[in-house]
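# Topology and contacts: notes
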Number of protein chains: 2
Amino acid sequence: MDASVTPLRHGGLSLVQTTDFFYPLVDDPYMMGKITCANVLSDLYAMGVTDCDNMLMLLGVSTKMSDKERDVVVPMMMRGFKDLAEEAGTSVTGGQTVLNPWLTIGGVATTVCQPNEFIMPDNAVVGDVLVLTKPLGTQVAVNAYQWLDQPERWNRIKLVVTEDDVRKAYQRAMFSMARLNRTAARLMHKFNAHGATDVTGFGLLGHAKNLASIQKNEVSFVIHNLPIIAKMAAISKACGNMFGLLQGQSAETSGGLLIALPREQAAAFCKDIEKTEGYQSWIIGIVEKGNRTARIIDKPRVIEVPAKDREGELW
Amino acid sequence: MDASVTPLRHGGLSLVQTTDFFYPLVDDPYMMGKITCANVLSDLYAMGVTDCDNMLMLLGVSTKMSDKERDVVVPMMMRGFKDLAEEAGTSVTGGQTVLNPWLTIGGVATTVCQPNEFIMPDNAVVGDVLVLTKPLGTQVAVNAYQWLDQPERWNRIKLVVTEDDVRKAYQRAMFSMARLNRTAARLMHKFNAHGATDVTGFGLLGHAKNLASIQKNEVSFVIHNLPIIAKMAAISKACGNMFGLLQGQSAETSGGLLIALPREQAAAFCKDIEKTEGYQSWIIGIVEKGNRTARIIDKPRVIEVPAKDREGELW
């Protein structure tokens, strides 16, 4: 499960809690703070929790930064983290900072729930469909953006993408990673979701396998469609598949929720989330009888998700 | 305050939560895990919380360890952390690990409380006395122990201590740091404590000042007695006072609780804790009228706390 659930001594309540920290991957400290916050909260949202009661921030400040860098970068990261916490209706009441050569940033998200306020992830049934709420390709976009300054790397992909493609994809990835999965968590209740997980470091297939493995019913997940930030599939191919993006192996940061929904509710779920937020979700697969595994079909359909989605409003 | 207190949406309950992580300071990974767990929980105990509902573990695993070192050290640290969590009546349900050049270890402790289950730290009144539940000098003991292998350092202190003194003090410090402040938290309720804090990185005086600064009443803290692990005061003096131990400035790890208690209850508190645990506590100061500061008198009485305290039972 994405978050730990601990029954409390008080009237049927449960403590739902998660922690995560990692290394910065975008060059804007403020956005990095937001991404971290979204990523931590995502574990709660995957459990259908919509309200986080409290957050803590965990910082590993780099010894390699100059005093000036530190004084600029750290407050901006903290600001981003706090601002997104506020957007999520929660607040940051504490935390801890230590020095280490490598910069790390993370947090803890905690909520106290009644049983109907969270959704256990293990109730998928044959006939459900799988919905994904953010496009794949964040890692490829972040790497490609870094390669703009590394001619050797850039030469490998410049035949399939322009610099402008990469900058747009990077922006798209950054705002996608900083977007909360909260609306999706709310709609999981409305549309009777049977379970969900959030797609992060193990890639789509890794997390699909994890989710499949804990199911109560004898089911398996089959994925047919891969919604991917525009041009990132081409980059992944041009790199001789080093990311494994089309195999669902490319790591994502603060990715979408992968949700098992009753077939007849899934389209309405996707429509509702788009109406509320202006972002697409996709039906990417089905739940069939099986032995609790997950796979991607041989030739999945790649859905190119344009980088200009809501561009006008966001950047 | 040592822990954050967040009112919850559910029937008068509050979320009390804290996080802490730092670098290893003893050479026994199992004990290091225990010390970390005791240190994290101590923030809850300082609030009079006796039951922790859930813990998370935070590990920064060093990239400089060989695979073999990592495979031995990390599980032992985790084991120590979990074992002490169990002793404290709680459990570790999750956490996160990242790589970094410097090893760090820490955790998160969370509990959900009714109002009578925690004690706000800001109610000290004139006439209270201050009790300390563990001896000072952990940092000096840990450093002196490391200096056994550094002739240049060792030469500075070998006139005032023997190698055996240092080994005993180190052992005493290690077991003191790994000891829970839970009994003290329980007895804070029984003896009507008016507030407490735990003594850690800012040293006795630093934490006394913090606690004084948040008081509701116009009070100040005056400290007369310094219970110190045997011989550590002598080492601190021999080092030209670089630790500031006698000035209350020496950092402590997982130190005791500093508690403001009604004068007529303090002796009974100390007796009770000794009866329950076999460890001494000390009345170290008084609360007088003042402007929310703290100080140590000019020539405080140093209480040498023998290293052999409960030796037979513990090591």
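Each value, and the rule that gives it
- Residues numbered from 1 in each chain as written.
- Chains lettered and ligands numbered in written order.
- Predicted model: local features only at pLDDT ≥ 70, side-chain atom pairs only at ≥ 80, totals over all residues.
- Heavy atoms only, no water.
- UniProt positions renumbered as here; feature names shortened; annotations may be inferred.
- Helix = DSSP H or I, 4+ residues; strand = E, 2+ residues; numbered from the N terminus.
- Buried < 20%, exposed > 50% of the residue type's maximum accessible area, 1.4 Å probe, protein only.
- Pairing = 2+ DSSP bridges.
- Contact = heavy atoms within 4.5 Å.
- Least-squares fit on C-alpha atoms with pLDDT ≥ 70 in both.
- Phe/Tyr/Trp six-rings, centres within 6.5 Å; stacked < 30°, edge-to-face > 60°.

With that out of the way, let us pick up the UniProt feature "domain: PurM-like C-terminal" (unreviewed entry) in chain A. Using the residue numbers shown here, the UniProt feature "domain: PurM-like C-terminal" (unreviewed entry) corresponds to residues 126-296 of chain A. Here residues 126-296 of chain A is 43% helix and 20% strand, with 17 Å between the C-alpha atoms at its ends.

What follows is about the pairing of strand β5 (residues 104-113) of chain B. For a regular strand, side-chain orientation follows a simple rule: the groups alternate between the two sheet faces. Residues and elements named next belong to chain B. With 10 of 10 residues buried, β5 lies mostly within the body of the structure. Alternating residues of β5 divide into Thr104, Gly106, Val108, Thr110 and Val112 and Ile105, Gly107, Ala109, Thr111 and Cys113, and every residue in both groups is buried. Relative to β5, strand β2 (residues 14-22) runs antiparallel, the two being bridged by nine bridges. Following the sheet pairing, Thr18 is matched in β5 by Ala109. Across seven bridges, strand β3 (residues 54-62) lies against β5 in antiparallel orientation. Bridging from a neighbouring strand, Leu58 pairs with Gly106 of β5.

Moving on: the environment of Glu304 of chain A. Positionally, Glu304 of chain A belongs in strand β11 (residues 294-305). Leaving out residues up to four positions away in the same chain, Glu304 of chain A has contacts with Ile228, Ala230, Lys231 and Ala233 of chain A.

With an RMSD of 0.0 Å, chain B superimposes on chain A once it is rotated by 180° and translated 0.0 Å along the axis. Given the turn and translation reported, the copies of this chain are related as if by a two-fold rotation axis. Minimal C-alpha separation from the rotation axis in chain B is found for Pro101 of chain B, amounting to 3.2 Å. Same-surface contact between copies: 100% of interface residues of chain B are shared with the interface of chain A.

Next up on the list: the UniProt feature "domain: PurM-like N-terminal" (unreviewed entry) in chain A. As annotated by UniProt and renumbered to match this structure, "domain: PurM-like N-terminal" (unreviewed entry) occupies residues 2-109 of chain A. Annotation note: span residues 2-109 of chain A, helix share 36%, strand share 34%, distance between end C-alpha atoms 12 Å.

Overall, the coordinates contain eight aromatic pairs over all chains when judged by the stated rule. Here Tyr145 of chain A and Tyr170 of chain A contribute two aromatic rings whose centre-to-centre distance is 3.5 Å and whose plane-to-plane angle is 5°, an arrangement assigned as stacked. With Tyr145 of chain A in helix α3 (residues 138-147) and Tyr170 of chain A in helix α5 (residues 163-177), the pair connects residues that are 25 residues apart, well separated along the chain. Between Trp147 of chain B and Phe243 of chain B, the aromatic rings sit 6.0 Å apart at their centres with planes inclined by 35°, giving tilted as the arrangement. Residue Trp147 of chain B is found in helix α3 (residues 138-147), and its partner Phe243 of chain B is found in the loop between α8 (232-238) and β9 (257-261); the two are separated by 96 residues along the sequence. Judged by relative accessible area, Trp147 of chain B falls into the buried class, the value being 4%. Residue class for Phe243 of chain B comes out buried when judged on its relative accessible area of 7%.

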